[in-house]
Amino acid sequence: MAALRYAGLDDTDSEDELPPGWEQRTTKDGWVYYANHTEEKTQWEHPKTGKRKRIAGDLPYGWEQETDENGQVFFVDHINKRTTYLDPRLAFTVDDNPTKPTARQRYDGSTTAMEILQGRDFSGKVVVVTGANSGIGFETAKSFALHGAHVILACRNMTRANEAVSRILGEWDSTVE
């Protein structure tokens, strides 16, 4: 840790960063657990996020998993000729929370407005969308309209606004048939 602090890398905003006195370890079968050296306890859930994790995939090429005389798992890097108790796959863990599903669904940059509104009914709702004649505004307006909302397109150019309305109505008509 002193080397990281010296390099100015000791403070990150990663949600997976462990509090001081904690260590991340793995079992023989790939489950991640956390050791609290301050209280001398272990637990399956990450101390900050509450998530359970497991190792994804096999050991990298040239690595081997062994067990010492005390039953402690260690890893041998045959290519670089070194041994470590730190599992090289820890950088590639996956969340495993079957008992604790998240209430919020997360979306990324490739998620469409139609995917976000999937299964929702906006009948009787009024929605105002700015910049609705192109881009994200158009896709948002179209999605709300196709999900039953009364959509008001707030646009600077009336000609483009009317073209957007025509395109949305054209798509709505094709979904009704």
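Everything numeric here is computed off the predicted structure, so don't read it as measured data.

### Comments concerning the sheet that holds strand β1 (residues 22-26)
Then, number 1: The strand order β1-β2-β3 describes an open sheet built from three strands, whose pairing is antiparallel. Every interior strand has two partners, whereas the edge strands, β1 and β3 (41-43), have only one. Looking at each pair of strands side by side, their axes are set apart by 30° on average, direction ignored.
Then, number 2: Pairing geometry for β1 and strand β2 (residues 32-36), over five bridges, is antiparallel. Bridge assignment links Gln24 to a residue of β2, and that residue is Tyr34.

### Thoughts on the layout of surface pockets
Then, number 1: Roughly 390 Å³ of volume is contained in the largest pocket.
Then, number 2: Leu18, Glu23, Gln24, Leu86 and Leu90 are, among the 17 residues lining the largest pocket, the residues nearest its centre.
Then, number 3: Every element with two or more residues in the lining of the largest pocket is listed here: β1 and β7 (82-84).
Then, number 4: Among the residues forming the lining of the largest pocket, the class breakdown is eight nonpolar, four polar and five charged.

### What about the UniProt feature "domain: WW" (unreviewed entry) in the chain?
Then, number 1: With numbering matched to this structure, UniProt assigns "domain: WW" (unreviewed entry) to residues 16-49 and 57-90.
Then, number 2: Structurally, residues 16-49 is divided into 0% helix and 38% strand, and its ends, taken at the C-alpha atoms, are 7 Å apart.
Then, number 3: Across residues 57-90, helical content stands at 0% and strand content at 38%; the span's end C-alpha atoms are separated by 10 Å.

### Let's talk about the packing of aromatic side chains
Then, number 1: A complete count under the given rule lists three aromatic pairs for this structure.
Then, number 2: Judged by centre distance (5.1 Å) and plane angle (85°), the ring pair of Phe122 and Phe144 falls under edge-to-face. Residue Phe122 is found in the loop between α2 (113-117) and β9 (126-130), and its partner Phe144 is found in helix α3 (residues 135-146); the two are separated by 22 residues along the sequence. Of the two residues examined, Phe122 and Phe144, each falls in the buried class.
Then, number 3: Residue placement shows Arg167 over the ring face of Phe138; its charged tip is 3.9 Å from the ring centre.

### A short note on the pattern of salt bridges
Then, number 1: Applying the stated criterion across every chain yields a total of six salt bridges.
Then, number 2: The partner of Asp77 in a salt bridge is Arg82, with the nearest N and O atoms 3.2 Å apart.
Then, number 3: Taking the relative accessible area as the measure of exposure, Asp77 reaches 2% and is therefore buried.
Then, number 4: We classify Arg82 as partly exposed; its relative accessible area is 48%.
Then, number 5: A salt bridge links Lys142 to Glu139; its shortest N-O distance comes to 3.2 Å. Taken together, the positions of Lys142 and Glu139, both in helix α3 and three residues apart, correspond to about one turn of that helix.

Definitions and limits used
Residues numbered from 1 in each chain as written. Predicted model: local features only at pLDDT ≥ 70, side-chain atom pairs only at ≥ 80, totals over all residues. Heavy atoms only, no water. Pairing = 2+ DSSP bridges. Helix = DSSP H or I, 4+ residues; strand = E, 2+ residues; numbered from the N terminus. Axes fitted to C-alpha atoms, helices over the stretch in contact; angles between N-to-C directions. 1 Å grid on protein atoms, 1.4 Å probe; cavity = no way out; pocket = protein on both sides within 12 Å on 5 of 7 lines; lining within 4 Å. Points joined across faces, edges and corners; volume = space filled by probe spheres on them. Nonpolar A, V, L, I, M, F, W, Y, C, P; charged D, E, K, R; others polar. UniProt positions renumbered as here; feature names shortened; annotations may be inferred. Phe/Tyr/Trp six-rings, centres within 6.5 Å; stacked < 30°, edge-to-face > 60°. Buried < 20%, exposed > 50% of the residue type's maximum accessible area, 1.4 Å probe, protein only. Lys NZ or Arg CZ within 6 Å of the ring centre and 35° of its normal. Salt bridge = Lys/Arg side-chain N within 4 Å of Asp/Glu carboxyl O.

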